[in-house]
Amino acid sequence: VQLQASGGGLVQAGGSLRLSCAASASIFIFNAMGWYRQAPGKQRELVATITSGGSTNYADSVKGRFTISRDNAKNTVYLQMNSLKPEDTAVYYCGGRRIFASTYDYWGQGTQVTVSS
């Protein structure tokens, strides 16, 4: 299965973007899918996750601003990002954790999000 992330770009602070993560096969092979981000000089960090049952989890820094969702028919996971801040600037990666896997074992290529002040 391949994951293809898209939707990144340059936006002003306060703006919105929607990221998409399209899988080449059914996303039901994943017990959970999520978005992580990595800013220059920083470690990759969790942004949001969603389980196959629809349960979601968010980093404190994005709660109330970002929403993760999934469309099983389209094998796609989305990240709606509102009220963007310059500190949200990073490369965003989507990933999947297969059933019985202890960590995320599938990753997309990343999409750049840049928020200008």
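This section reports on the structure supplied with the text. (Residues numbered from 1 in each chain as written. Predicted model: local features only at pLDDT ≥ 70, side-chain atom pairs only at ≥ 80, totals over all residues. Heavy atoms only, no water.)

In terms of helices and strands, the chain carries 0 helices and 11 strands. Overall, the chain shows an N-to-C arrangement of helices and strands of β-β-β-β-β-β-β-β-β-β-β. A compact globule built from 117 residues would reach a C-alpha radius of gyration of about 13 Å, and the chain, at 13 Å, matches this within 12%. By its C-alpha atoms, the chain is 40 × 30 × 25 Å across when sized along the principal axes. Each of the 117 residues in the chain was classed as buried or not, and the buried ones make up 42%. Here the contacts in the chain between residues at least 6 apart in sequence split such that 54% fall between residues at least 24 apart. For the chain, the accessible area works out to roughly 6000 Å², and carbon and sulfur atoms hold 47% of it. One way to put it: in the chain the 11 positive side-chain charges average out to a point 3 Å from where the 6 negative ones average out. (Helix = DSSP H or I, 4+ residues; strand = E, 2+ residues; numbered from the N terminus. Rg over C-alpha atoms; globule rule 2.2 N^0.38 Å. Buried < 20%, exposed > 50% of the residue type's maximum accessible area, 1.4 Å probe, protein only. Contact = heavy atoms within 4.5 Å. Areas by Shrake-Rupley, 256 points an atom, 1.4 Å probe, with all protein chains shown as cover. Lys, Arg positive; Asp, Glu negative; His and termini not counted. Charge placed at Lys NZ, Arg CZ, Asp CG, Glu CD.)

Honestly, it's all geometry; don't read function into it.
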